Amino acid sequence: MRIPCPHCGARDAQEFSYLGAADPQRPDGLDATEAAMLDYVYQRDNPAGRHRELWYHGAGCHAWLTVTRDTRTHAIESIEPVRRRGAGAAA
Amino acid sequence: MSAQPFRLAGGGLIDRSQTRSFRFDGRRYEGYAGDTLASALLANGVRLVGRSFKYHRPRGILSAGPEEPNALVELRAGARREPNTRATTTELYHGLEAASQNRWPSLAFDLLSVNQLAAPALVAGFYYKTFMWPARFWEKLYEPLIRRAAGLGRAAGREDPDHYEKAFAFCDLLVIGAGPAGLSAALAAGRAGARVILCDEDFRLGGKLLNEKREIDARAASEWIADALAELGSLPDVRIMPRTTVFGVYDHGVYGAVERVSDHLPIPPAHQPRQRSWRINAKRAVLAAGAIERPIVFAGNDTPGVMLAGAVRAYLNRHGVLPGREAVIFTTGDDGWTTARDLAAAGATIAAIVDPRPDRDPALTALATRLGARVVTGIVAGATGGRALEGLTVRAASGREEALSCDLLAVSNGWNPTLHLASHQNTRPAWDDAIHAFVPSAPPAGLSVAGAAAGRLSLALALVDGARLGGEAAAACGFAPKPTPQPPRTDPEGVAHSPVWRVRGGKRAFFPRKAFVDFQNDVTDADIELAAREGFRPVEHLKRYTTLGMATDQGKTSNLAGLAIMAEQTGKTIPETGATIFRPPYTPVAIGALAGHHRARDFRPTRLSPTHRWSQDQGAVFVESGLWMRAQYYPKPGESDWLTTVNREVLAVRNGVGLCDVSTLGKIDIQGADAAEFLERVYVNGWKALPVGKARYGLMLREDGFVMDDGTTSRLAQTHFLMTTTTANAARVMQHLEFCRQVLWPTLDVRMVSVSEHWAQAAIAGPKARAVLQGVVDPRHDISNEAFPYLAARAVTVGGGVPARLFRISFSGELAYELAVPADHGDAMMRALMAAGEPHGITPYGTEALGVMRIEKGHVAGNELNGQTTARDLGLGRMVSAKKDFIGRVMAKREALVAADRPVLVGFRPVNRSERLRAGAHFVGPGRSATLENDEGFMTSVAYSPSLRHWIGLGLLRNGPARIGERVRAVDPLRDGDVEVEICPACFLDPEGARLHG
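Values in this document were obtained by computation on a predicted structure and should not be read as measured data. (Residues numbered from 1 in each chain as written. Chains lettered and ligands numbered in written order. Predicted model: local features only at pLDDT ≥ 70, side-chain atom pairs only at ≥ 80, totals over all residues.)

Looking now at the overall build of chain B. Tallying secondary structure elements over chain B gives 21 helices and 50 strands in all. Each principal axis of the C-alpha atoms in chain B carries an extent, and together these give about 115 × 70 × 55 Å. Relative to its full complement of 998 residues, chain B shows a buried share of 53%. The contacts of chain B with a sequence gap of at least 6 include a subset with a gap of at least 24, amounting to 67%. (Helix = DSSP H or I, 4+ residues; strand = E, 2+ residues; numbered from the N terminus. Buried ≥ 20, exposed ≤ 12 C-beta atoms within 10 Å, placed from the backbone. Contact = placed C-beta atoms within 7 Å.)

Shown next, in the form of structure tokens:
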């Protein structure tokens, strides 16, 4: 696989590590409930098709990237640095 | 010995001035440069080259290419022996040694050929049905027996003495196959200025055109090939790679290829690898891999001397070898007639041309008349002969059968496009009724298919396709194609064809002979019928039940006939029956080529601390710790066992002073206005109140509530922290912090960078540590106990102005410091500390002594930070702040993670102080049996404490802290251990911490 890093250009997938879904949002703050946190840490969709997910360019620019990829074909529709507050999966 | 009795007097693309002598099964033969092992064997009249997999039947050469199912040999000898090498693609070199496989005691006389007599029992599914029970017989009796009787070649069994390497390439267009289509594609793209890589598995470029007597623009095809190669060679951005098989297509235009750099030489030249595996990144690719001819299933079709008609032309026209003197052609299309023409031209007698089609082109009959060959409208019903073909039974359309004698049968049944790579991305090929074959459908993005590989089976189409697709690929990469010249004119060729998948048993046969579908796996038409009867009808079941299409050739010559017979059995069409999706690799790839240099010591990189040389000079014994080599202990002359050394090192620290490299710890520099707030959120404990110039122990969790890592973090300035991580987790923590910063809290003003490799760091520990440091730290820095108390952390200078950082932190529990200098100064720092420490008896110590002392103090390390422990489990629950949010806070409070009976860290000492403890031992109550139900936890770390003079341990025990003073057993059934231990607090030495403040 080749991933077109917005900072470094197209690079081999070996330079990146994969985390998972990009959309779950961490329930920040002291009032976060256990149920909300359980959802955030464990509950994931497993779509056959379009998937927004997080990749880390550890052997490059150290950027966390939001990649929209088709899980059936690995076709990458878009890629951008993560920006939105709370757009993250569990570590 | 007559030299090469089947070599033609002239012709062929071989160099008769370059003799190559070689050995097959110990016997010496000669061939020429340009031969393959197969062509050289045929030139010498060697037709029996192997025994079959299951029935040990004599087998000869079927093909002239990578599809070969029969002619597999062990190539080379000793450590370089390579099993299952196809003789048809092995380039002949001087001194080549090869041996036939799967025969005993000799190829001509194989005892296990009696398997043929037992053949009725050895049908499809035989193993599943026969070796069912008793189950205990399987491993000891059945499996070794089967493995010996049925099999391919033997692995060398010794370390490969050769090197392999990996390489990467980038191009606009990758052309796979250098036949007429591939050459045209490369020319079109190369002329437009594109960066082109042209790969071909053969050592000579030209593809199937090398095998044919064809004309292009009224000149011999060989001249056209030579011109094309000369022009490609003159283009600066075209790279031609012969002996290179593109074996796989991966996502996003990544292609795997293996280049056989030295396989055509006896041994690789100095500094050259045997093979090189390539990862080629191509914006576009043209697959021009040609096609593979199909055999026909009939009784005795595996007799040596039955050969594909196209292969016969390859041996005739390319290698100047006559594969037989008296030939019959069995063809279901016009293409086979060309073989008759070329054989006759080379001096063979054509005994008959057998073609079942009643409505043939009259030109073919005229050709037969010219050749003086009889034409039979019918089929070949059976072949006779043991180790060589002796004759055939030919059945005319009327049903009348007759016997013909011959020593060669050329079989032609149409061609299957070599579409393997086009289906590597999980696309199923589509059936094409016009050519009775599967053709590529929806090839991977960026890949287009040209010529025969696309099912366009003529030279003219190959040339047109190649030029068109090569030009299109260049245009897609932004290169303006040069105006295309007129497509080259070719001489006429007939492609009409109507396949016969199999011929049912001949009436004349006294003893019904087997008709093979898959030569490599000894799968017959009867096996496929049996599979159909027993319900194994879907193509995937058929494959697994009969082994059709398995092993090294992956069914290149057999899959379609197998499908056709299954279709006939089930009353379906071939496309309804199924199609095979191919997976990489297209042909077998040596694991060595994929591994490259990554083996043995070079399997992964080795990291050396900046103080490594100093440790070596001190006589250190090193231990692998992740990628690092760390000094484990420093034996002195006369110390014969490691424990003696470690005890000395520990006591030296406890009573004097020791020096230990800790450079491998992860170090992350964190800066920004929100740096303290950021640490608040990633650590369980508080950071905002930490004064500048102070260090603090920190513990971080994963979001699921379990401990991730620990370490000390120092505040070097209001907005500047230096975090340390454990050696093992350095990269993981860095990634985690970047995740928190970029994904979770992008609005925080904080940045971080790993500085692990920028600083060399040493621990100086023991009551005399300060005295030693005072000899190294520049005197303007006051490091007295008052000015530089426990947990102080400040920038200093050493050795007259070298910038350094000094931390008063302790893993050993003694008065201790860690001193960090820029990595280049690491070696000098250690030597300066040794010099300053000499009057105080400074002693280097390694990771073992470090481990003993941290266990004595009850500090957790990797054994306890095992990904299954919470802060509470480790006795660190009081560190956890309730006043702020941090990673893992909510999940750590889950019911099961705070249950009272969770195993929690405590200390252990043997009741009988002379007994040794073992890490990994499980705790069981006194008088209880050592079973899972009675398991109460396990020992995580043990050490011999030279201060206490007995073994001590740390472990996770159910409800441990409430059981101080109780006794349990530490049971270690693997090592026969069963030791009574006393539960104690997880700190064995100086529990008040008085020494730290000394």
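For chain A, the helix and strand inventory stands at one helix and six strands. Beginning at the N terminus, the succession of helices and strands in chain A can be written as β-β-β-α-β-β-β. Projected onto the principal axes, the alpha-carbon positions of chain A cover approximately 40 × 30 × 20 Å. Per-residue burial over chain A gives 26% buried out of 91 residues. Sequence-distant contacts in chain A: of pairs separated by 6 or more residues, those separated by 24 or more amount to 54%.

Here the focus is the sheet that holds strand β5 (residues 64-70) of chain A. Two strands in a sheet stick together by hydrogen bonds in their backbones, pointing the same way (parallel) or opposite ways (antiparallel). Strand order in the open sheet made by the four strands is β3-β4-β5-β6 (chain A), with antiparallel pairing throughout. This sheet does not close on itself; its edge strands, each paired only once, are β3 (17-21) and β6 (76-81) of chain A. Neighbour-to-neighbour, the strand axes of the sheet open up by a mean angle of 25°, direction not taken into account. For β3 of chain A and strand β4 (residues 50-56) of chain A, the ladder comprises four bridges, and the chain directions are antiparallel. If you follow Y18 of chain A over to β4 of chain A, its bridge partner there is W55 of chain A. Sheet strands in contact with helix α18 (residues 730-744) of chain B are β3, β4 and β5 of chain A, and its direction is about 85° off that of β5 of chain A. (Pairing = 2+ DSSP bridges. Axes fitted to C-alpha atoms, helices over the stretch in contact; angles between N-to-C directions.)

All names here are of chain B. Orientation of helix α7 (residues 335-345) relative to helix α8 (residues 362-371), taken along the N-to-C sense of each, is 20°, at an axis distance of 10 Å. Relative to α8, α7 is oriented roughly parallel. The handedness of the crossing between α7 and α8 comes out as left-handed. Residue-level inspection shows W337, A340, R341 and A344 of α7 in contact with α8, the latter providing L364, L367 and L371. Here the contact of α7 with α8 is built from residues that sort into six nonpolar, no polar and one charged. (Parallel < 35°, antiparallel > 145°, perpendicular 65-115°, else oblique. Left-handed = near helix turned anticlockwise from the far one by under 90°. Nonpolar A, V, L, I, M, F, W, Y, C, P; charged D, E, K, R; others polar.)

Residue and element names in this part refer to chain B. Spatial strand order, β36-β37-β38-β35-β39: five strands in an open sheet with antiparallel pairing. For this open sheet the edge positions go to β36 (694-701) and β39 (751-754), each flanked by a neighbour on one side alone. In this sheet, neighbouring strand axes are inclined to one another by 25° on average, regardless of whether the strands run parallel or antiparallel. Taken strand by strand, α18 contacts β35 (666-671), β37 (707-717), β38 (720-725) and β39, and its axis lies near 20° from that of β35.

All names here are of chain B. Judged by nonpolar contacts, the single largest core of 126 residues is most densely connected at A762, I764 and L819. For this core, the element with the highest residue contribution is α18, accounting for eight residues. Three or more residues apiece are contributed to this core by two domains, here domain 4 (665-755 + 873-895) and domain 5 (900-998). Setting aside anything within four residues of it in sequence, one finds I764 in contact with V657, L659, A769, V772, L773, A816, Y817, L819 and L833. (Core = buried A, V, L, I, M, F, W, Y, C linked by C-beta atoms within 7 Å. Domains from an automatic or database assignment.)

Turning our eyes to something else, we now look at the interface of chain A and chain B. At the junction of the two partners, chain A supplies 26 residues and chain B supplies 22 residues. Mapped by element, the contributors of at least two residues to the side of chain A that touches chain B are α1 (34-42) and β4 of chain A. With three residues, α1 of chain A is the largest single contributor of residues to the side of chain A that touches chain B. When its residues are assigned to classes, the side of chain A that touches chain B shows 13 nonpolar, seven polar and six charged.

Residue and element names in this part refer to chain B. Residue P584 is joined to P585 through a cis peptide bond whose omega torsion reads 0°. Position of P585 relative to the elements: it lies in the loop between α13 (574-577) and α14 (591-595). Phi is positive for D217, which is not a glycine, with a value near 50°. Structurally, the position occupied by D217 is in the loop between β10 (215-216) and β11 (219-220). Despite not being glycine, A442 shows a phi value in the positive range, around 45°. Examined against the element boundaries, A442 turns out to sit in the loop between β27 (437-439) and β28 (447-449).

The next point concerns the environment of G455 of chain B. Residues and elements named next belong to chain B. Mapped onto the secondary structure, G455 falls in the loop between β28 and α9 (459-476). Along the backbone, G455 and I435 are 20 residues apart, and their C-alpha atoms lie at a distance of 7.2 Å. For G455, the contacting residues outside a window of four places in its chain are P417, D432, I435, A437 and V439.

Before going further, it helps to spend a moment on α8 of chain B. Because each turn of an α-helix spans 3.6 residues, side chains separated by three or four positions end up pointing in the same direction. Residue and element names in this part refer to chain B. Looking only at α8, the buried set comprises L364, L367 and A368. The buried side chains of α8 occupy one side of the element, clustering within an arc of 100° when seen end-on. Turned more than 90 degrees away from the buried face of α8 sit P362, A363, A366, T369 and R370, all of them exposed. After α8 finishes, the residue G372 shows a positive phi value of roughly 70°. (Arc of directions from axis to C-beta.)

This part covers the domain arrangement of chain B. Residue and element names in this part refer to chain B. When its domains are assigned, chain B resolves into domain 1 (1-117 + 132-160), domain 2 (164-291 + 417-476), domain 3 (295-413), domain 4 (665-755 + 873-895) and domain 5 (900-998). Spacing between the C-alpha centres of domain 2 and domain 3 amounts to 32 Å. Taken residue by residue, the interface counts four residues in domain 2 and six residues in domain 3. Looking at the side of domain 2 that touches domain 3 residue by residue, the classes come out as one nonpolar, one polar and two charged.

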